[in-house]
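# Chains, contacts and geometry: an overview
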2 protein chains.
Amino acid sequence: MSVDQERLVPWEQTAKVEVRFEEIIGKPALRLDCGKNLGKIVIAYETFGELAPDGSNAVLIAHALTGDSHVTRGDSLRAGWWEDIVGPGKAIDTRKYYVVCSNVLGGCSGSTGPCSPHPKDGRPYAMRFPPITIRDMVRAERLLLQRLGIRRLRLVAGGSMGGMQALEWAVMAGDFVDNVIAIAAPGAQQSQAIAFNEVMRRAIMLDPAWRDGWYSPDDAPRLGLGLARMVGMITYHSHLSMDMRFGRERVPGLPDGLAWAGYKGDPVFQVEKYLHHQAEKIVKRFDANSYIYLTRAMDLFDIGEGRGGMLGALRQIKARLLLVGISSDILYPASLIANLYRKAQSVGVDAHFALLRSPHGHDAFLLDTKPMSEIIEDFMRKGGLM
Amino acid sequence: MSVDQERLVPWEQTAKVEVRFEEIIGKPALRLDCGKNLGKIVIAYETFGELAPDGSNAVLIAHALTGDSHVTRGDSLRAGWWEDIVGPGKAIDTRKYYVVCSNVLGGCSGSTGPCSPHPKDGRPYAMRFPPITIRDMVRAERLLLQRLGIRRLRLVAGGSMGGMQALEWAVMAGDFVDNVIAIAAPGAQQSQAIAFNEVMRRAIMLDPAWRDGWYSPDDAPRLGLGLARMVGMITYHSHLSMDMRFGRERVPGLPDGLAWAGYKGDPVFQVEKYLHHQAEKIVKRFDANSYIYLTRAMDLFDIGEGRGGMLGALRQIKARLLLVGISSDILYPASLIANLYRKAQSVGVDAHFALLRSPHGHDAFLLDTKPMSEIIEDFMRKGGLM
């Protein structure tokens, strides 16, 4: 198998290109789940296409853990992280729909998060930032849409952490959303995923440069965040996808035979070199404290909490719902998603399920864009959205 | 499901009980794969049962990554790591067989490894220790058996890294071994497993206490080794086993609701508490540099290397061979083991395959001892070993 390198990591454009994005600054009535109120927040967002005069064509796209508002290139030169799904003539067609994508609350790509200045002293919040939840992200997104004059969403779509937001949209804003697509996202974070997230947080905290969160941007916990990303990347692949891509191939130029080239940090196998490359890339574009907060938000995710459990939450859904499982996903196995689908059906939700057949694991929704497009288009067509 | 805590971690007896073990010190002709010669080495081992006068009842058990020579309790009070499989009246019956189990070369439970004194200066080898391979471990085991006067093995058995050794025994010592049981071990280390191992090594190296390997026993890289163990433990479980055991259960005493209890290191979820507990346990009984060397030995494992590939290696096997896959193993999926079995069959090996059906993942060979016993007993019976 040959996978094009650029396509395999579409969201990881580390080049510093000026991105057109707008900010909404306001003092919203945004009471967080933890009980605190952040006061003034900034939401960085981008829009693509034109809002219809009757406001009937708005679509919200929610990004995954290390994503941002740049879902597609739009007028900019930089490719977006879902370029092949969202754009002119794509499954989510920006000639027809007004697409909004914002950076999540707690993120580090323009929206208020741990890097933002604390109103009291102007220093970064760092670990003083209050814990946030997926529901808080959705509240911030809702606020943004209100400011943009959007009164109804034709569609909310997202994968992974974006899929969690999509599910919360379905539950929290039953009358506001017509269609929801949640890809590779469970109804509640699972044990193993919590375990991986905890390992990643500890990797960051183990780096002496983390300094309890008080690092300067010039001296960030690069090794710790890089190590966290390495763990994450394994969970986004599958056994098969790694085997197909790297096998036991060694880094060229090393001595042959069984001898280990040493411990000094030179990777022996190509798969190690790949992980280190991913580590180097993430530290150029992502903030370590944000990584801690967003992974914790995922752990706290459970649509059933405070709503009479999973079925109680699903009963509140009025939107047409598409759940997509990925056949080789080791982080959120397709069986988990199928199980959520059956539960949704059992309480009368207009729920649909699709299996994205791919060897590429969790990240297949970003990588295998052809079958991903077909699944989305099928759902759109049947719902009169195309 | 209820799993008894003690049974779930049978090899992790951290109590400092005096273990009867013998040492063999010698200056063997043990040329390592890397080309170096360690000179004098110590092999810590234990034996159980009596060697028959004609030497026809010797069995070798090989341990996994963090195991040791204490496979069963024998005369000691401390339970062994495979207590329910090896012992009087067990599947591998110590009333009938003379069972030998040694700590691997490069280990830290008595045998020569990175903690051992370097002959030149008496300080620990630390990272000056030469890289070792699974084949080197087998050579050291062979040497031990020679010193013990054992000229033939009725059986070699092991799981995980122990299964890798068993496979190497089958290939390297075709005339010496009658039967081989390799459990949850592939014919060559796979990409994803290399990736996890690299992450674990980097966790150790990220700990400032590691000091390029020059830590003192009192100031070892506890957090780094602990973090490595946390990663390892996830891969030894399965999605299902973690979900069954921990679900989304929270640590008692924390505030209710969605608020995060803070970053100060208090786990929020029981699964996190479990992982931290495992981290605290490993640092009491295992050496960080050893962890680095042994995981690298696993990465370098490929029975086909230098032997004309996998089929070339399998052709050298004369022993009767049982390969066991575990249905929920995420580290070495059962399909991988079944594939190795088919290859072995295709070149005429007297190969057998058994699927251990268990939700407990890779560690099921240590945990689900009843079906594990049945599989081993079946193989023993059909081979006239019972």
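This is a predicted model, so every value here is computed, not measured. (Residues numbered from 1 in each chain as written. Chains lettered and ligands numbered in written order. Predicted model: local features only at pLDDT ≥ 70, side-chain atom pairs only at ≥ 80, totals over all residues. Heavy atoms only, no water.)

### Structural notes on the overall build of chain A
For the record, the criterion: Counting from the N terminus, the helices are the DSSP runs of H or I reaching at least four residues and the strands are the DSSP runs of E reaching at least two. Each residue gets one of three labels from its accessible area relative to the maximum for its type: buried under 20%, exposed over 50%, partly exposed in between, using a 1.4 Å probe on protein chains only. Any pair of residues with heavy atoms lying within 4.5 Å of one another is described as a contacting pair. Only the protein chains shown count as covering a residue, and every accessible area follows the Shrake-Rupley method with a 1.4 Å probe.
Helix and strand counts for chain A come out as twelve helices and ten strands. Evaluated residue by residue, chain A yields a buried proportion of 66% over its 386 residues. Expressed as a percentage of contacts within chain A between residues at least 6 apart in sequence, the contacts between residues at least 24 apart total 72%. For chain A, the exposed surface amounts to about 14100 Å²; the carbon and sulfur share of it is 49%.

### Quick look at the state of the cysteines
Each disulfide is one covalent bond, formed between the sulfur atoms of two cysteines. Residue and element names in this part refer to chain A. For the record, the criterion: Disulfide assignment relies on a single distance test, namely cysteine sulfur atoms paired within 2.5 Å.
Per the stated rule, a full pass over the model turns up zero disulfides over all chains. Here Cys101 is not cross-linked by a disulfide; its sulfur's nearest cysteine counterpart is in Cys108, at 14 Å. The exposure class of Cys101 is buried, given its relative accessible area of 0%. Distance from the sulfur of Cys108, which forms no disulfide, to the nearest cysteine sulfur (Cys115) is 5.5 Å.

### Quick word on the layout of surface pockets
The gaps of empty space that remain are located by a probe, the size of a water molecule, rolled over the atoms. The condition that has to hold: Using protein atoms alone on a 1 Å grid, points that fit a 1.4 Å probe yet trap it form a cavity, whereas open point sets bounded by protein on both sides within 12 Å along at least five of seven lines form a pocket; residues with an atom within 4 Å of a point count as lining. Grid points are joined across faces, edges and corners, and a volume is the space filled by probe spheres set on the points. Each residue is assigned to one class: nonpolar for Ala, Val, Leu, Ile, Met, Phe, Trp, Tyr, Cys and Pro, charged for Asp, Glu, Lys and Arg, and polar for all the others, Gly among them.
As a volume, the second largest pocket reaches approximately 680 Å³. Forming the boundary of the second largest pocket are 26 residues, of which Asp329, Ile330 and Pro333 of chain A together with Asp329 and Ile330 of chain B lie nearest the centre. Counting only elements with at least two residues in the lining of the second largest pocket, the list comes to helix H4 (191-206), helix H6 (239-245) and helix H10 (334-346) of chain A together with helix H4 (191-206), helix H6 (239-245) and helix H10 (334-346) of chain B. Looking at side-chain class alone, the lining of the second largest pocket contains eleven nonpolar, twelve polar and three charged residues.

### Focus: the packing of aromatic side chains
To keep it simple, the criterion reads: Planes of paired rings set the category: under 30 degrees apart is stacked, over 60 is edge-to-face and the rest tilted, where pairs are Phe, Tyr or Trp rings (Trp by its six-membered ring) whose centres lie within 6.5 Å. Only Lys NZ and Arg CZ are tested; either one counts as a charge over a ring when it is within 6 Å of the ring centre and within 35 degrees of the ring normal.
Scanning all chains against the criterion turns up 17 aromatic pairs over all chains. Seen from their ring centres, Trp81 of chain B and Trp82 of chain B are 5.7 Å apart, and the 20° between their planes marks the pair as stacked. Taking the centre distance of 5.0 Å and the plane angle of 85° together, the rings of Tyr125 of chain B and Phe129 of chain B count as edge-to-face. By the ring-pair criterion, three or more aromatic residues cluster together here, those being Trp81, Trp82 and Phe365 of chain A. One Lys or Arg, Arg320 of chain A, reaches over the ring of Phe379 of chain A and ends 3.9 Å from the middle of that ring. The ring of Phe176 of chain B is capped by Arg142 of chain B, whose NZ or CZ atom sits 4.3 Å from the centre of that ring.

### Let's talk about the side chain of Gln189 of chain A
Its location among the elements puts Gln189 of chain A in the loop between strand E8 (177-183) and H4. Apart from the residues lying within four places of it in its own chain, the contact partners of Gln189 of chain A are Met164, Ile194, Asn197, Met298, Asp299, Phe301 and Tyr332 of chain A together with Arg248 of chain B.

### Overview of the domain arrangement of chain A
Residue and element names in this part refer to chain A. Formally: Each domain span listed reflects an automatic or database assignment of domains. Once two parts are brought into contact, the accessible area they lose, counted with a 1.4 Å probe and summed over both, makes up the buried area.
You can read the domains of chain A as domain 1 (5-189 + 303-382) and domain 2 (194-294). For domain 1 and domain 2, the distance between their C-alpha centres works out to 26 Å. Listed per partner, the contact involves 37 residues of domain 1 and 32 residues of domain 2. Taken together, both faces of the contact between domain 1 and domain 2 bury some 3000 Å²; the carbon and sulfur share is 63%.

### Details of the nonpolar core
Spelled out, the test is: Put simply, a nonpolar core is a bunch of buried Ala, Val, Leu, Ile, Met, Phe, Trp, Tyr and Cys residues held in one set by side-chain atoms that sit within 4.5 Å of each other.
Ranked by internal contacts, the top residues of the largest apolar core, which has 196 residues, are Leu153 and Trp169 of chain A together with Leu153 and Trp169 of chain B. Ignoring sequence-local partners within four residues, the contact set of Trp169 of chain A consists of Leu60, Val138, Glu141, Arg142, Leu145, Leu153, Val156, Gly174, Phe176 and Val177 of chain A.

### A look at the environment of Gly39 of chain A
Considering the arrangement of structural elements, one finds Gly39 of chain A in the loop between strand E1 (22-26) and strand E2 (41-48). It is 8.7 Å that separates the C-alpha atoms of Gly39 of chain A and Pro119 of chain A, two residues lying 80 residues apart in sequence.

### Concerning helix H7 (residues 270-285) of chain A
Formally: The length a helix should cover is 1.5 Å for every residue beyond the first.
The first and last C-alpha atoms of H7 of chain A sit 23 Å apart over 16 residues, in line with the 22 Å expected at 1.5 Å per residue. Of all 16 residues in H7 of chain A, twelve are buried, a share of seventy percent or more. For H7 of chain A, the set of buried residues is Gln270, Val271, Glu272, Tyr274, Leu275, His276, Gln278, Ala279, Lys281, Ile282, Val283 and Arg285 of chain A. Of the surrounding elements, those touching the buried residues of H7 of chain A are helix H5 (222-236) and H6 of chain A together with H4 and helix H8 (288-299) of chain B.

### With respect to the packing of H7 of chain A against H4 of chain B
If you want to describe how two helices pack, look at the angle between their axes and the distance between the axes. Quick note on the threshold: Geometry is summarised by axes, namely lines fitted to C-alpha atoms with helices restricted to the contacting stretch, and by angles between N-to-C directions that run from 0 to 180 degrees. Working rule for angles: under 35 degrees goes down as roughly parallel, over 145 as roughly antiparallel, 65 to 115 as roughly perpendicular, anything else as oblique. Each crossing gets its handedness from the near helix: less than a right angle anticlockwise from the far helix is left-handed, clockwise is right-handed.
In the contact formed by H7 of chain A and H4 of chain B, the axes pass within 9 Å of each other and the chain directions differ by 55°. With respect to H4 of chain B, the axis of H7 of chain A lies oblique. Read as a crossing pair, H7 of chain A and H4 of chain B show a hand that is right-handed. For the pair H7 of chain A and H4 of chain B, contact is made by Val271, Glu272, Leu275 and His276 of chain A and by Ser191, Ile194, Ala195, Glu198, Arg201 and Arg202 of chain B, respectively. Of the residues in the contact of H7 of chain A with H4 of chain B, the class split is four nonpolar, two polar and four charged.

### Points about the pairing of strand E3 (residues 58-62) of chain A
All names here are of chain A. Definition in use: We call two strands paired when DSSP finds no fewer than two bridges between them.
Within E3, five of the five residues are buried, which leaves the element mostly enclosed by the surrounding structure. Here E3 shows a buried face lined by Ala58, Leu60 and Ala62 and a second buried face lined by Val59 and Ile61. Strand direction decides the pairing type here: E3 and strand E6 (residues 98-102), joined by four bridges, are parallel. In the sheet register, Ile61 faces E6, and the bridge partner there is Cys101.

### Let's talk about the interface of chain B and chain A
Put simply, the rule is: Think of a salt bridge as a Lys or Arg side-chain nitrogen and an Asp or Glu carboxyl oxygen that are within 4 Å of each other. Here a polar contact is taken to be a pair of N or O atoms separated by no more than 3.5 Å, where protein atoms must pair a possible hydrogen donor with a possible acceptor and residues adjacent in sequence count only if both atoms sit in side chains.
Across the contact, 64 residues belong to chain B and 63 residues belong to chain A. With a shortest N-O distance of 3.4 Å, Glu305 of chain A and Arg250 of chain B are connected by a salt bridge. At the boundary of chain B and chain A, one finds 16 residue pairs in polar contact (both at pLDDT 80 or more). If you list the elements that add at least two residues to the side of chain B that touches chain A, you get H4, helix H5 (222-236), H6, helix H7 (270-285) and H8 of chain B. Here the side of chain B that touches chain A is built from residues that sort into 36 nonpolar, twelve polar and 16 charged.

### Looking at the confidence of the model for chain A
Applied cut-off: For every residue, the predictor states its confidence as a pLDDT score lying anywhere from 0 to 100.
Averaged over every residue, the pLDDT of chain A is 90; the share at 70 or more is 90%. A low-confidence stretch, residues 1-20 of chain A (pLDDT under 50), is modelled with 46 contacts involving residues beyond four sequence positions or located in other chains.

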